[in-house]
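Secondary and tertiary structure notes
What follows is each chain in one-letter form.
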Amino acid sequence: IDVIRTVLAKHGFHFSKSLGQNFLTDVSVPQRIAAMSGAAEAGSVVEVGPGMGCLTAELCRVAGRVVAVELDRALLPVLDETLAEFDNFEVVQGDVLALDLAALCKEKFGDGRVVACANLPYYITSPIVMKLLEEKLPIESITVMVQHEAAQRLCAEPGTREAGAVTYAVHYYAKPQLLFTVKPGSFFPPPKVTSAVIRLELHRERPVAPRDEAAMFRTVRAAFGQRRKTAVNSV
Ligand code: SAM
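An account of the accompanying structure is given in this report. Everything numeric here is computed off the predicted structure, so don't read it as measured data.

Turning our eyes to something else, we now look at the pairing of strand β9 (residues 195-202). Two faces make up the sheet, and in a regular strand the side chains alternate between them. When you tally the buried positions in β9, you get six out of eight residues, the bulk of the element. Judged from the seven bridges that link them, strand β6 (residues 139-147) and β9 form a sheet pairing that is antiparallel. Bridge pairing in β9 links Ile142 to Leu200. Both strand β7 (residues 174-182) and β9 contribute to a ladder of eight bridges, which runs antiparallel.

In structure tokens, the structure reads:
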């Protein structure tokens, strides 16, 4: 934590709560995430929100190439310093939700194998996960840290109490797995809740072939829209 404080103070950096900035401090956590992300096998990684580069460094060690998207401009000079030893890293400044990720992957990785990996900003967990799943990106898997509660919902088995509309969307695109949980003390500043790392392995072939995908998702959302009512009435 002292190293983090010193580097950030040198660059006059202040944490932004609204950008979900909780940086990993316990180096064993990013090492495990990087090892389980499939980055070594695939060769290329697209990362969301590198922060000051704690997870990025571990990804750079195992992968051939890492491209990270960071919204906060103030972190770019910090990353220059913390990742100076790696020549296989590149940062793109921007809002991941606004970026054309398919075009970015094509430009940076061509037709190569790619995985996505991140310690996500929790305030936009679902929009980012859904974007990574829906936009027909050339990625094989998504390994991300999220709030434990979100992880349980994203990885729930259909038909169980924990399942929500997002569970069905996830299962349509991928095979989800909850890998391990992480305590607030592994971050600075510590978040209020326990976190968990999940891995979504994208299907090569979808489990169902709806005639109208949009109608299928509208129906799923309707069924979960009013949880106190019987699903059939909501639909
Ligand atoms: N990867 C770092 C780590 O594990 O220590 C930082 C993770 S922190 C939970 C989330 C990061 O996402 C922050 O660096 C934050 O600035 C960035 N971020 C927040 N909103 C973003 C957005 N819309 N697009 C890209 N990055 C974003």
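Once you've had a look at it, read on.
If you trace the backbone, Ser195 turns up in strand β9. Overall, the relative accessible area of 0% leaves Ser195 in the buried class. Polar contacts involving the side chain of Ser195 include one to the side chain of Tyr122, which spans 2.7 Å. When near neighbours in sequence (up to four residues on either side) are disregarded, Ser195 contacts Tyr122, Met145, Val146, Gln147, His148, Thr181, Val182 and Phe187.

On to the packing of helix α7 (residues 125-134) against helix α9 (residues 165-173). The description of two helices packed together rests on the angle between their axes and the distance between the axes. Put simply, α7 and α9 touch, their axes get as near as 10 Å, and they point 30 degrees apart. One way to sum up the angle between α7 and α9 is to call them roughly parallel. Of the two possible hands of crossing, α7 and α9 adopt the one that is left-handed. The residues of α9 that touch α7, namely those facing Met130, Leu133 and Glu134, are Val166, Ala169, Val170 and Tyr173. In terms of residue class, the contact of α7 with α9 is made up of six nonpolar, no polar and one charged.

To continue, consider the site of the ligand. The ligand sits among 23 residues. The nearest are Leu24, Gly49, Glu70, Asp95 and Asn119. One of the side-chain nitrogen or oxygen atoms of Glu70 is found 2.6 Å away from an oxygen atom of the ligand. In this structure, Asp95 approaches the ligand through a side-chain N or O atom, which is 2.8 Å from a nitrogen atom. Its free accessible area being 600 Å², the ligand has 99% of it covered by the protein chains. At a threshold of 2 Å from the grid points, most atoms of the ligand map onto the largest pocket. For the shell around the ligand, the elements supplying multiple residues, two or more each, are β1 (23-24) and β3 (65-70). Considered class by class, the residues forming the shell around the ligand number 12 nonpolar, seven polar and four charged.

Criteria and thresholds
Residues numbered from 1 in each chain as written. Predicted model: local features only at pLDDT ≥ 70, side-chain atom pairs only at ≥ 80, totals over all residues. Heavy atoms only, no water. Buried < 20%, exposed > 50% of the residue type's maximum accessible area, 1.4 Å probe, protein only. Helix = DSSP H or I, 4+ residues; strand = E, 2+ residues; numbered from the N terminus. Pairing = 2+ DSSP bridges. Polar contact = N/O pair within 3.5 Å; in protein donor to acceptor, adjacent residues only side chain to side chain. Contact = heavy atoms within 4.5 Å. Axes fitted to C-alpha atoms, helices over the stretch in contact; angles between N-to-C directions. Parallel < 35°, antiparallel > 145°, perpendicular 65-115°, else oblique. Left-handed = near helix turned anticlockwise from the far one by under 90°. Nonpolar A, V, L, I, M, F, W, Y, C, P; charged D, E, K, R; others polar. Near = heavy atom within 4 Å. Areas by Shrake-Rupley, 256 points an atom, 1.4 Å probe, with all protein chains shown as cover. 1 Å grid on protein atoms, 1.4 Å probe; cavity = no way out; pocket = protein on both sides within 12 Å on 5 of 7 lines; lining within 4 Å. Sits in = over half its atoms within 2 Å of the grid points.

Without other data, these values stay purely geometric and don't point to any function.
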